[in-house]
Amino acid sequence: MKRHDETLLRTAVQALQADEPDAAQVVASARRVASRIGLNAMVDSVDDLGVAAIGNCEDVRQLLKSYRAGTLSNTRALMIEAHLRDCGSCFRHAKSESGAAAVDWSAPKAARAIVWRPRVFGWALAPVCAVLVCSFFVYKAYWQVPPGVRAEVLSIDGSAYRISDAGDRQLSPGDKLTEGEHLRTSGGAHAVLRLSDGSTVEVNERSVLKMGARGHNMTVSLDNGAVIVQAAKRDSGHLYVKTPDCRVAVTGTVFSVDSGIKGSRVAVLQGSVQMMHAGVDTLMHAGDQKATYDTVSLAPGTDQIAQQIAWSHDLDKYLPLLAQFSSLQRRLEAIPYPQLRYTSDLLERVPADTLLYISIPNLGDYLNEANKVFQDQLKQSPALQQWWDRGHAANAADPTADLDSLVDKLHQMSQYLGDEVVVVGVKQTDKPGFAIVADVRKSGLDDFLRTQPPFSGSTRGLVVFDEKALDAAPVASKAQPGGFAVIRQHEAVFSNSVATLKQINAQLNAGASGFAAGQFGQQIAAAYSRGAGVILAADLHQMIANRPNLIRAQHTNQVAIENSGMEDVQYLIAEHRESNGVPENHLNLQFSGTRQRVASWLATPAPMGSLNFVTPNAAIVAALLSKDPKTVADDILAMAMPDEAQKEKLEEAEAKLQINFRDDLAANLGGEFLVSLDGPVLPTPSWKAVIEVRDSERLESTLERLAQSVSNLSHDKGAHSIAIESSEAGGQRFYALRDLTLGRTVAQYTFADGYMIVAPNRALLIEALQTQASGQTLAHSDAFKAVLPKDQNENYSAIVYQNLGPVMTPLLSQVSGETAVAVRQLAADARPTAICAWGRDSRIEAASDSHLFGFDFLTLGTLMHSGNNHTAVSVRE
């Protein structure tokens, strides 16, 4: 019976092998396949499919010569290309025969050849090479992850497992976890880990997490579950705890993180943490708690935090400290921070030829009051005292001595000074002079300064003059590390130049300089009227005029500068203020009149439709609105071709190419441009350019005419032949720019809704079109809107946005080994930011809501708190 079955099977197989489909079936099948994969293949007969079947690698290699000659049918050429793409052996064979990889993955079309001359375009390769070199060093310095252990298991109650590519294995105390290995605790289990940076992580039941390192940073990725982290004090870098929907950045802090079905919840037990969720950074202090979803209710006070960490074996230690730090934080918040300053008497007395003016607040009283509050709480709380002493157990001296000494010196110094300190740069004959000026509100500052030791590494300290000694001091006194100071009755001036001290001193003796009444001074006064935190003001026009060698070059360059309109730049005013914990950063670049030429290229604020072609996961986006491109072209020609000879060369080139760059190219463009990195970086960066187009048909006609004209020109030795090919898929026409010499596609583009979209491949173009159609765009992303500055503008003239996090995940499909580990860790450090700018008639402004500056008492405490790395006060990120 068995032999009979085998005979029947053999007979059936032979019948199937002998049953070949007829020509009509083959043609019908070919049409169906072509239709499904989006090819416009014309298959009317078996002849269109090729005279013989392609059955193996040998058949492919026999057809390579015909493929290169372009004599194969479209269908057969596609089969060759598909095989070469999948078969490495045949690809190498084709490359060795031709001397270059002349394989293109798109159907060949009628091409219009243009010439690419490396001498003309070679300059464009320089920035690319520079980026590659810089990227290598950035990778070595920041991305590359050093091998080694990331955590050690200190204790386990119950069962915990190591999850790796090699399988699952139960862990025991003393076991080590390396980069990328997961730890999973079972039901009812509890584990304690020590990270390689000295931090301790307490892990609750049914938790899954892994540890990683990049550069000076460590990351704990909590997939689900709960942890309590005692972050070690660091000299550099941060510890990050990352959940699927938030990231916490710390150094020297105790906090808990839960990651559950609804989302994540963070509670701070000691110190401060920076939590980022949905593009928003939140600074949290001891006793604070925050959830990533509104469906998670948070009760006020510490009761809910106590419930959140009730599983901890160290609950009795955390709760008293939590109460103490909550109380301490409330008392510190009650200390008045230096108020915004709305006027300044120093503004009236700086020299009239001041070119640079920087104003910062006096923080001495704030630091002193904060130290008093801390010391008082320390005396009243045994739990807080134990925590503080633990960090100084090895020191014989009073554990608060270093902190008290530093704060006391800063406070003493500040008591002699007024509410602000001003840095000024003044015009001088040879080079600018710089000095620090502050009001003196009581006598004795000179004696105090003379008693202070010199700076570390210096044998001489600050040389302190009175006015009489300053008059006698030689102007050419040699500069020294400690610098010089003159202490007057009402002012103190510090500088590294005796000549500058003499100049400032003479002006102070003369009284009001008139600077505040001048145009530059009025700009600074206006910044004070808005409330001054930190002000930086520069008279750029005078700075340039004071350094003529910067712009005196060849006659051609001088003419170009004069035609650029940048000589009309006047003032730069940068402001940072913080009100109720909300930062505001603003920059104002002013011109002496209406912006001209290059300075006027930035258009007035308006909606940016190009953002609708960018996904919410874009890593880098730069978009701007310009004035009429025809006018921009006029400005460029005026700068680049100031004499008749150069203009004649341009006219000659336009005649050969049969186009007019201004009227045929610039006139067909709109004024909106965008460049983005929107997708995987490897193996090919997923860049994207979106350009507003006024008339796509005329622009394409111009490009075709340009291609035809260039193809008629004689080819120089070493020139690359470039072809533009068009095809259609899904009712959308696409264009490919191909380098025929190298046999590869350089870029592809298409037109849609008044824009030209350019990308490395068609897939990115299709994604851009689908993004725009779906409405799920960067412009509508909550994370993107969250980082835009809070101001009166609903639109901007330019936006620069970065968010490196989402782009890292696609990278993992292209890389492996330590590179993949580095990419995973890089995502933990990503932090979206945006800078927005807008153009007005006579100025350009920019704004960003981010913590460019920040200092508090807890920062100082962390710097001073040495010893136990597990429980230090936090540093604001």
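S.K.: Explain the overall build of the chain here, please?
M.R.: Scanning the chain for helices and strands turns up 28 helices and 36 strands. Looking at the 877 residues of the chain, the share that counts as buried comes to 45%. Taking the contacts inside the chain whose residues are at least 6 apart along the sequence as the reference set, 63% of them involve residues at least 24 apart. Approximately 43,500 Å² of the chain is accessible, and the part contributed by carbon and sulfur atoms is 54%.

S.K.: In this structure, what is going on with helix α17 (residues 519–529)? I would like to understand it.
M.R.: Each α-helix winds once per 3.6 residues, and so residues spaced three or four apart point in a common direction. Turning to α17, its buried residues are F520, G521, I524, A527 and Y528. Projection of α17 onto a plane perpendicular to its axis shows the buried side chains occupying an angular sector of 115°, all on one side. Where the residues of α17 are buried, they touch α10 (346–349), β18 (354–361), β19 (417–426), β24 (534–539) and β25 (569–579). In the stretch just after α17, G531 is the one whose phi turns positive, near 100°.

S.K.: In this structure, what is going on with the environment of G148? I would like to understand it.
M.R.: By secondary structure assignment, the location of G148 is in the loop between α7 (118–143) and β2 (149–157). Spatially, the C-alpha atom of G148 lies 9.1 Å from that of S196, the residues being 48 residues apart in sequence. When neighbours within four sequence positions are excluded, G148 is seen to be in contact with T178 and E179.

S.K.: What is the right way to look at the packing of aromatic side chains in this model?
M.R.: Here the distance between the centres and the angle between the planes together describe a pair of aromatic rings. By the definition in use, this model includes 10 aromatic pairs. Taken together through their ring pairs, the aromatic side chains of F515, F520 and Y571 make up a single cluster. Directly above the aromatic system of Y416 lies the positively charged group of K442, at a separation of 4.9 Å from the ring centroid.

S.K.: How should the nonpolar core be read in this particular structure?
M.R.: Generally speaking, nonpolar side chains in soluble globular proteins are found buried as a group. Counting residues in hydrophobic clusters, the biggest one holds 33 residues, and the most contacted among them are L193, V201, L209 and M211. Take this core: its biggest share by element is 5 residues, from strand β10 (residues 217–230). Residues within four places of L209 in sequence aside, it is in contact with E181, H182, L183, L193, V201, V203, V220, S221, L222 and V227.

S.K.: How should I be thinking about unusual backbone geometry in this particular structure?
M.R.: What is expected of a backbone is that most residues other than glycine have negative phi and most peptide bonds are trans. We note that R206 has phi near 50°; this positive angle belongs to a residue other than glycine. Structurally, the position occupied by R206 is in the loop between β8 (200–203) and β9 (208–214). Residue classification places R206 among the exposed residues on the basis of a relative accessible area of 57%. Phi at R597 is positive, roughly 50°, even though this residue is not glycine. Relative to the helices and strands, R597 is located in the loop between β26 (582–591) and β27 (620–625).

S.K.: Would you mind going over the pairing of β18 with me for this structure?
M.R.: As paired elements, β18 and β19 share 7 bridges and run antiparallel to each other. By the bridge assignment, T354 is partnered in β19 with V426. As paired elements, β18 and β24 share 4 bridges and run antiparallel to each other. The residue of β24 that forms the bridge with I358 is L536.

S.K.: Where do I start with the environment of R450 in this structure?
M.R.: Of note, R450 is situated in helix α14 (residues 445–450). R450 sits in the partly exposed class, given a relative accessible area of 44%. As for R450 and G461, which are separated by 11 residues in sequence, their C-alpha atoms are 8.1 Å apart.

S.K.: In this structure, what is going on with the pattern of salt bridges? I would like to understand it.
M.R.: Any two side chains of opposite charge can pair if their charged atoms end up close together. Counting across every chain of the model gives 24 salt bridges. In this structure, D663 and R662 form a salt bridge, with 2.8 Å as the shortest nitrogen-oxygen distance. Salt bridges linked by common partners bring D345, R349, D439, E467, R488 and E491 together as one network.

S.K.: Can you walk me through the pairing of strand β13 (residues 254–259) in this structure?
M.R.: Sheet faces and side chains relate simply in a regular strand, where the side chains alternate between the two faces. Counting buried positions along β13 gives 6 out of 6 residues, so the element sits mostly inside the fold. Neither face of β13 is open: one carries V254, S256 and D258, the other F255, V257 and S259, and all of them are buried. Across 6 bridges, β10 lies against β13 in antiparallel orientation. Following the sheet pairing, G225 is matched in β13 by S259. Here β13 pairs with strand β14 (residues 264–270) via 6 bridges, running antiparallel. Residue pairing in the sheet places D258 in a bridge with R265 of β14.

S.K.: Looking at this structure, how should I read the side chain of S221?
M.R.: Considering the arrangement of structural elements, one finds S221 in strand β10. Those residues within four positions of S221 in sequence are excluded, and the remaining contacts are V208, L209, K210 and K242.

S.K.: Would you mind showing me how to read the environment of I156 here?
M.R.: Note on placement: I156 falls in strand β2. Ignoring any residue separated from it by four or fewer positions in sequence, one finds I156 in contact with L171, S172, P173, H190 and A191.

S.K.: Sorry if this is basic, but what is going on with the confidence of the model for the chain here?
M.R.: Close inspection of predicted coordinates is inappropriate for parts of the model with low pLDDT. Scored by pLDDT, the chain comes out at a mean of 76, with 69% of its residues at no less than 70. Of all helices and strands in the chain, the one with the weakest mean pLDDT is helix α28 (residues 857–864) (34), whereas strand β33 (residues 755–759) scores best (95). Across residues 548–556 the pLDDT falls below 50, and counting only partners more than four positions away or on other chains, this stretch makes 7 contacts in the model. Counting interchain partners and residues more than four positions distant, the pLDDT-below-50 stretch residues 852–877 has 96 contacts.

Rules and cut-offs
Residues numbered from 1 in each chain as written. Predicted model: local features only at pLDDT ≥ 70, side-chain atom pairs only at ≥ 80, totals over all residues. Heavy atoms only, no water. Helix = DSSP H or I, 4+ residues; strand = E, 2+ residues; numbered from the N terminus. Buried < 20%, exposed > 50% of the residue type's maximum accessible area, 1.4 Å probe, protein only. Contact = heavy atoms within 4.5 Å. Areas by Shrake-Rupley, 256 points an atom, 1.4 Å probe, with all protein chains shown as cover. Arc of directions from axis to C-beta. Phe/Tyr/Trp six-rings, centres within 6.5 Å; stacked < 30°, edge-to-face > 60°. Lys NZ or Arg CZ within 6 Å of the ring centre and 35° of its normal. Core = buried A, V, L, I, M, F, W, Y, C linked by side-chain atoms within 4.5 Å. Pairing = 2+ DSSP bridges. Salt bridge = Lys/Arg side-chain N within 4 Å of Asp/Glu carboxyl O. pLDDT = per-residue confidence, 0-100.

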